[in-house]
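Read off the chains here:
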Amino acid sequence: MDTKTRTLAPIVGGKRVEDAPDGTMTSTNPANTNDIVAEISMGDSETFVAACRSAREAQRGWAEVPAPIRAQVIKRIGRLVEANKEALARLLTREVGKPLAESLGEVQEIIDTCDFFTGEGRRLYGQTVPSEMRDKQLFTFRVPVGVAAIITAGNFPVAVPSWYLVPALACGNAVVWKPAEYSPAVGDTLAQLFWAGGLPDGVLNVIHAEGKATFEGLEKALDLGLVDKVGFTGSSEVGAEIGALCGHHLQSPCLELGGKNPLVVMDDANLDLAVEGALFSGFGTAGQRCTSMGTAIVHESVHSEFVEKLSAAVEEAKVGNPTEDVLFGPMLSERFAERFLGWLDFIEDHHTVRGSTGTGRITKDNPRKNFVGDPDAGIFCHPTIVDGVSKDDEIYKTETFGPIVGVAKFRTFDEAIELSNGHGYGLSAAIYTESAQSAFCFRERNTAGMLSVNNSTSGAEAHLPFGGNGKSGNGSRLSGIWVIDQFTRWQSMNWDYAGKLQKAQMDIPDLPADMEFRL
């Protein structure tokens, strides 16, 4: 594992902004907090505005590059990421603590996204539409929105950004990207690969800034007309604020927000498979995914057996050093660990807690069986299963971003549906069943944007739409062909070559018909 400390700063118009108007910060390895990954010069709101101006200046020239040629840049970016896959994955593991196998999978997601949009550069289709008048043709064209401001979280610090950056750039937009404060090194490194692929200066600008400065900068940039589209991945609370800000400017942002993702286990489910899915859904990435399982909703006839099997699986799972073969590593940062400890207060007297040899932080004084490494070196937390959850509990209603899951039980299918929707989120949901009827009825009645049958609540593929409803998003979608609607606008054109003014709905042919005809 690379142990050098990187020196970072915002990059605007191809140049580093070295003056650190908002001071400096450090990024540390959450599995070994003595390991300083990067020292960062932080930008402020004016740095953000300057980046948007740079993007505005560069965007028109980039849009004039033919789309298939822009796609060749995307192709080269994909090949560069592929060639640097191991190094990028190891940096990802070092900076955010994700197990190396998951980090490698995340980097592969960038490659897959680049491969998909290499082809889309030749398929940014418009349409030729028939007119209701002679000597007239109608057309539609996709045009880039302009400048996109993208703000992303650090739990997937390269995959999720690629879902925004790759299609935005392929469609002819310029981008200002603000990575999470706790993953600046991996964000900067990903941007270096994009620039190496041939992006002109100013087409991709990277801002390192605190959340408050970023919001203020975005507000100023919108007021100045420098931003045409906002993409945000993060909490529902911040997403609502960004949505309100964009709405003031009559813009619709692309919001990918939190989740409280249910996993329903029917009475006919393969329980071993359901437990395997719940283990990965609930505790992979230390439960720090927007698609992490929030509550397992289990039929009363198999509830006890499911809880026993899941508890055993969690208790036996290895946790700790993310460079080893572990279920999960550390929390992303101290901030996330502190929030996790607060969510343990949601545990009530009617709940039963299982899953580990303790709760809260894993330390030498509060040890975890099957822990790998030195628990006091990093920010590690006990996996926690809370059985006996009901729809009135705070733990049922609240997104708990960390290695804690609830278990509820149901008697009827209607009860399962109510529990799966009642929290108000709508990102991901899963059902384990051998019944096609149960699977399709669940699809019809669950409100999530993404559903799985006999699979976990997590696991996006690059060519399927990703996004949620309710408190999980505003219906916008990332990935596949669907994200193109986020970064292009439809433009229609009519071409009249009749040599005279033809008025729609008025100067149209009227063919005679006998409407009184009857058999």
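Residues numbered from 1 in each chain as written. Predicted model: local features only at pLDDT ≥ 70, side-chain atom pairs only at ≥ 80, totals over all residues. Heavy atoms only, no water.

This brings us to the overall build of the chain. The helix and strand tally for the chain stands at 15 helices and 24 strands. With respect to the principal axes defined by its C-alpha atoms, the chain has extents near 85 × 75 × 40 Å. Scored against the burial criterion, the 519 residues of the chain give a buried share of 55%. In the chain, of all internal contacts separated by at least 6 residues, the share reaching a separation of at least 24 is 73%. A total accessible area of about 21900 Å² is found for the chain, and carbon and sulfur atoms account for 50% of it. The averaged location of the 68 negative side-chain charges in the chain is 5 Å from the averaged location of its 47 positive side-chain charges. (Helix = DSSP H or I, 4+ residues; strand = E, 2+ residues; numbered from the N terminus. Buried < 20%, exposed > 50% of the residue type's maximum accessible area, 1.4 Å probe, protein only. Contact = heavy atoms within 4.5 Å. Areas by Shrake-Rupley, 256 points an atom, 1.4 Å probe, with all protein chains shown as cover. Lys, Arg positive; Asp, Glu negative; His and termini not counted. Charge placed at Lys NZ, Arg CZ, Asp CG, Glu CD.)

A few words now on the sheet that holds strand β13 (residues 261–265). Pairing in this open sheet of seven strands is mixed, and the strands run β16-β18-β19-β14-β13-β21-β22 from one edge to the other. The open sheet has two edge strands, β16 (352–354) and β22 (450–453), and neither has a second partner. The average angle at which neighbouring strand axes cross in this sheet is 20 degrees, direction not considered. Strand direction decides the pairing type here: β16 and strand β18 (residues 384–387), joined by three bridges, are antiparallel. Across the sheet, T352 pairs through a bridge with D387, a residue of β18. Strands in contact with helix α9 (residues 271–283) are β13, β14 (293–299), β18, β19 (404–410) and β21 (428–432); relative to β13, the strand with the most contacts, it is inclined by about 170 degrees. Helix-sheet contacts for helix α14 (residues 436–445) involve β13, β21 and β22, and the interaxial angle to β21 is about 165 degrees. (Pairing = 2+ DSSP bridges. Axes fitted to C-alpha atoms, helices over the stretch in contact; angles between N-to-C directions.)

Let's shift gears to the pattern of salt bridges. Taken as a whole and assessed by the stated rule, the structure comprises 21 salt bridges. Of the charged contacts in the structure, one is a salt bridge between D188 and R16, with a shortest N-O distance of 3.5 Å. Linking D188 in helix α6 (residues 184–196) with R16 in strand β3 (residues 15–16), this pair joins segments that are 172 residues apart in sequence. For R16, a relative accessible area of 32% puts it in the partly exposed group. (Salt bridge = Lys/Arg side-chain N within 4 Å of Asp/Glu carboxyl O.)

Every buried residue of helix α11 (residues 334–343) is listed here: F336, A337, F340 and W343. Projection of α11 onto a plane perpendicular to its axis shows the buried side chains occupying an angular sector of 115 degrees, all on one side. (Arc of directions from axis to C-beta.)

Overall, antiparallel pairing links the three strands, which are arranged β6-β7-β24 in an open sheet. At either margin of the open sheet sits one strand with a lone partner, and together these are β6 (127–130) and β24 (488–496). The sheet shows a mean angle of 25 degrees between the axes of neighbouring strands, taken without regard to direction. The sheet contact formed by strand β7 (residues 136–144) and β24 spans nine bridges and is antiparallel. If you follow K136 over to β24, its bridge partner there is D496.

Let us look at a nonpolar patch on the surface. On the surface, a nonpolar cluster with roughly 440 Å² of combined accessible area is contributed by F141, M493, W495 and Y497. Considering the arrangement of structural elements, one finds M493 in strand β24. The class for M493 is partly exposed, based on a relative accessible area of 36%. (Patch = residues over 30% accessible without salt bridge, like charges linked within 9 Å, V, L, I, M, F, W, Y side chains within 5 Å.)

On to the pairing of β7. Bridge count for β6 against β7 is four bridges, and the pairing is antiparallel. Opposite V129, over in β7, you have L138 as the bridge partner. Taking the residues between adjacent antiparallel strands as the criterion, β6 and β7 are bridged by five residues, where D135 takes a positive phi near 55 degrees.

At a closest axis distance of 9 Å, the pairing of helix α3 (residues 85–96) and α6 adopts a crossing angle of 160 degrees. In terms of orientation, α3 lies roughly antiparallel with respect to α6. Crossing hand, α3 versus α6: left-handed. From α3, L88, L91, L92 and E95 reach across to α6, where they touch P184, A185, V186, T189 and L193. Class assignment of the residues belonging to the contact of α3 with α6 gives a composition of seven nonpolar, one polar and one charged. (Parallel < 35°, antiparallel > 145°, perpendicular 65-115°, else oblique. Left-handed = near helix turned anticlockwise from the far one by under 90°. Nonpolar A, V, L, I, M, F, W, Y, C, P; charged D, E, K, R; others polar.)

Turning our attention to unusual backbone geometry. One non-glycine residue, N454, lies in the positive phi region at around 55 degrees. We note that S479 has phi near 75 degrees; this positive angle belongs to a residue other than glycine. Tracing the chain through its elements places S479 in the loop between β23 (469–470) and α15 (484–487).

Moving on, we come to the packing of aromatic side chains. A full pass over the atoms with the stated rule returns six aromatic pairs. The interplanar angle of 75 degrees and the centroid separation of 5.1 Å between the aromatic rings of Y182 and F336 together place this pair among those described as edge-to-face. Pair noted here: Y182 is in the loop between β9 (174–178) and α6 and F336 is in helix α11, with a separation of 154 residues, a long-range link. Accessibility expressed as a relative area gives 13% for Y182, which makes it buried. Plain terms: the ring middles of F371 and F380 are 4.9 Å apart, the flat faces sit at 85 degrees to each other, and that makes the pair edge-to-face. F380 matches F371 in its accessibility class, with the two residues each being buried. Through successive ring pairs, a cluster of aromatic residues spans Y182, F336 and F401. Looking at K98, its charged tip hangs above the ring of F156, at a distance of 3.5 Å from the centre. Here the basic side chain of R339 rests over the ring of F336, its NZ or CZ set 5.7 Å away from the ring centre. (Phe/Tyr/Trp six-rings, centres within 6.5 Å; stacked < 30°, edge-to-face > 60°. Lys NZ or Arg CZ within 6 Å of the ring centre and 35° of its normal.)

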